[in-house]
Amino acid sequence: MSQGTERQFAVADCIDMALAARRQGATVLAGGTWVMRDPLRGQGLPASVVVLSAIPAMTEIAIEADRITIGVSATHAMLADALRNLAGLEGLVAAAEGAANPAIRRVATVGGNLCTVDFPAADLVPAFLAYGAMVELATPEGTLLLKMPEFLKERRDLLGKALLTRLHLRRDVVASAHARLPLRKAGDYPAAIVSIAVDREGAIRVAVGAVETQARRWTSLEAALMGEPEALGLPDHAADLAREHKEFTGRDGVEAEGWYRCQVLPALVHRATAALPRLETRA
Ligand SMILES: Cc1cc2nc3c(=O)[nH]c(=O)nc-3n(C[C@H](O)[C@H](O)[C@H](O)COP(=O)(O)OP(=O)(O)OC[C@H]3O[C@@H](n4cnc5c(N)ncnc54)[C@H](O)[C@@H]3O)c2cc1C
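Note that the structure is predicted; figures quoted are calculated from it, not measured.

Some remarks on the domain arrangement of the chain
Then comes step 1: Here the domain parsing of the chain yields domain 1 (8–170) and domain 2 (173–276).
Then comes step 2: Put simply, the middle of domain 1 and the middle of domain 2, counted by C-alpha atoms, are 23 Å apart.
Then comes step 3: Listed as interface residues are 29 residues of domain 1 and, on the opposing side, 25 residues of domain 2.
Then comes step 4: Taken together, both faces of the contact between domain 1 and domain 2 bury some 1800 Å²; the carbon and sulfur share is 56%.
Then comes step 5: Area buried by domain 1 at its contact with domain 2 is led by Pro120, Pro126 and Ala130, which between them contribute 28% of it.
Then comes step 6: Counting every contact that joins domain 1 to domain 2 gives 1 salt bridge.
Then comes step 7: Ionic pairing is found between arginine 180 and aspartate 123, a salt bridge with its closest N-O pair at 2.8 Å.
Then comes step 8: Where domain 1 meets domain 2, there are 12 residue pairs in polar contact (both at pLDDT 80 or more).
Then comes step 9: When contributions to the side of domain 1 that touches domain 2 are tallied by element, the ones reaching two or more residues are helix H3 (90–98), helix H6 (124–131) and helix H7 (148–158).
Then comes step 10: Residues of the side of domain 1 that touches domain 2, tallied by class, amount to 19 nonpolar, 4 polar and 6 charged.

Encoded structure:
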């Protein structure tokens, strides 16, 4: 931080206090692994920050028989530890424990990952999209519950005044997987990500991250896989379906060109379906 600049640091002990700080222009500081690198991106550090992790519910991960609630101040490491060995949650665990490196995973939060609007390669975003998570926001007008796609569409505007507080998962997913292609020259950020989840009704959701500026569902592949669900147990065939159902326009970046991000998607579909727990072996 530059000398002579007065910066304000507030630790909120309740949501109202955090919202009041936001209204006065404070930026949410979670793990800081993105915010503190703002100067590397040519942006100044925020003059005023508010920390949410002292609000008890924000770090809680509550696991019940039919649902899971995740406070957004939980770190990647906390998330992976809490969900490990739970049927259906394999993709989220792989996303949380495959991102970055151990030191970053110990401080980087779920909220920071979902609220970094200009970061297309966030691992948890496609994983929560595929899972079918709902997000909870605290806004000056009250609590708002949104499906992930709506949140992603609106998040730049919403986060101007709202706070992300919790994620809600129904425990209806029976198998999930997360496959990513990290590149050394991208600082190990993934160049492309494929997350897949299958629910107990047989619905199949596939989400792609890092390829376009925002993660989204691969709806044509989802429809193809629903038509041929046996492909989930045949990774070569699933990859062929991925080749037949191209629908992404890759973004060019210093770490990878757009065509390459699209080119690797069938291989990631192969890896994700191969990693998917076999349906008949699940309890
Ligand atoms: C070396 C390195 C490697 C990385 N590798 C990966 C990787 O492989 N995969 C990956 O996904 N990411 C990676 N990251 C990127 C990134 O740091 C993470 O995405 C991280 O999850 C951000 O979380 P944080 O808690 O540190 O967020 P912060 O930096 O504290 O905040 C990030 C943004 O979210 C906002 N915010 C945070 N919480 C809330 C909230 N509750 N409500 C509203 N706004 C909020 C902040 O105001 C800020 O704008 C890496 C970072 C580093 C430094």
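Quick word on the side chain of arginine 22
Then comes step 1: Take arginine 22: it is sitting in helix H1 (residues 15–23).
Then comes step 2: Summary of buried charges: arginine 22 has no salt-bridge partner, and the nearest side chain of opposite charge, aspartate 157, is 11 Å away.

Observations concerning the site of the ligand
Then comes step 1: As a matter of local geometry, the ligand sits amid 34 residues, with Val28, Gly31, Thr33, Thr109 and Asp123 nearest to it.
Then comes step 2: Contacts to the ligand include threonine 109, whose side-chain N or O atom sits 2.7 Å from an oxygen atom.
Then comes step 3: Taking 980 Å² as the accessible area of the ligand by itself, protein coverage stands at 91%.
Then comes step 4: Listing elements by their share of the shell around the ligand, those giving two or more residues are strand S2 (27–28), helix H5 (110–115) and strand S8 (163–170).
Then comes step 5: Each residue belonging to the shell around the ligand can be placed in one class, and the counts come to 20 nonpolar, 10 polar and 4 charged.

Observations concerning the pattern of salt bridges
Then comes step 1: Taken as a whole, this structure holds 16 salt bridges when the rule is applied.
Then comes step 2: Arginine 41 is the salt-bridge partner of aspartate 38, the closest N and O atoms lying 2.8 Å from each other.
Then comes step 3: Arginine 41 sits in the partly exposed class, given a relative accessible area of 32%.
Then comes step 4: The salt bridge involving arginine 170 is made with aspartate 172; its shortest N-O contact spans 2.8 Å.
Then comes step 5: You can call arginine 170 exposed: its relative accessible area is 58%.
Then comes step 6: With relative accessibility at 11%, the residue aspartate 172 sits in the buried group.

Section: the packing of aromatic side chains
Then comes step 1: Scanning all chains against the criterion turns up 4 aromatic pairs.
Then comes step 2: Taking 4.8 Å as the distance between ring centres and 35 degrees as the angle between the ring planes, the aromatic pair formed by tryptophan 34 and phenylalanine 119 counts as tilted. Taken together, the positions of tryptophan 34 in the loop between S2 and strand S3 (48–51) and phenylalanine 119 in the loop between H5 and H6 put the pair 85 residues apart, joining distant regions of the chain.
Then comes step 3: Judged by relative accessible area, which is 13%, phenylalanine 119 ranks as buried.
Then comes step 4: A centroid spacing of 5.3 Å and a plane angle of 85 degrees characterise the contact between tryptophan 218 and phenylalanine 248, whose relative ring orientation is edge-to-face. Linking tryptophan 218 in the loop between strand S12 (216–217) and helix H8 (219–227) with phenylalanine 248 in the loop between helix H9 (235–244) and helix H10 (258–263), this pair joins segments that are 30 residues apart in sequence. The exposure classification of tryptophan 218 matches that of phenylalanine 248, with both residues buried.
Then comes step 5: Pairwise contacts between aromatic rings join Trp34, Phe119 and Tyr189 into one cluster.
Then comes step 6: A cation over a ring is seen here: arginine 41 above tryptophan 34, with NZ or CZ 3.8 Å from the ring centre.
Then comes step 7: Directly above the ring of phenylalanine 248 sits arginine 216, whose terminal nitrogen or CZ lies 4.2 Å from the centroid.

Procedures and definitions
Sequence order sets the numbering: in each chain, residues are counted from 1 along the sequence as written. With pLDDT at 70 or above as the cut-off, local features in this predicted model cover only qualifying residues; side-chain atom pairs require 80 or more to be listed or tallied, and sums for whole chains, interfaces and linings still use all residues. No hydrogens and no water enter the side-chain calculation; it runs on all heavy atoms of the structure. Source of the domain bounds: an automatic or database domain assignment. Here, two residues are considered to be in contact whenever any of their heavy atoms come within 4.5 Å of each other. By buried area we mean the combined loss of accessible area, with a 1.4 Å probe, across both parts when two parts are placed together. Basic side-chain nitrogens of Lys or Arg form a salt bridge, by our definition, when they fall within 4 Å of a carboxyl oxygen of Asp or Glu. In the analysis that follows, any N or O atom pair within 3.5 Å is treated as a polar contact, provided that within protein one partner can donate a hydrogen and the other can accept it, and provided that, for residues neighboring in sequence, both atoms belong to side chains. In this description a helix means any DSSP run of H or I spanning at least four residues, a strand means any run of E spanning at least two, and both kinds are numbered starting from the N terminus. Following the grouping adopted for this structure description, the nonpolar residues are Ala, Val, Leu, Ile, Met, Phe, Trp, Tyr, Cys and Pro, the charged ones are Asp, Glu, Lys and Arg, and the polar ones are all others, Gly among them. Remark: exposure states derive from per-residue accessible area (1.4 Å probe, protein chains only) relative to the maximum for the residue type, with buried under 20%, exposed over 50%, and partly exposed in between. In this tally, Lys and Arg are treated as positive and Asp and Glu as negative; His is ignored, and so are the chain termini. Being near a molecule or strand, for a residue, comes down to having at least one heavy atom within 4 Å of it. Using a 1.4 Å probe, accessible areas were evaluated by the Shrake-Rupley method; residue-level cover was limited to the displayed protein chains. A pair of aromatic rings is counted whenever rings of Phe, Tyr or Trp (Trp by its six-membered ring) have centres within 6.5 Å, and the orientation is called stacked for planes under 30 degrees apart, edge-to-face for over 60 and tilted otherwise. Two limits define a charge over a ring: the Lys NZ or Arg CZ must be within 6 Å of the ring centre, and within 35 degrees of the ring normal.

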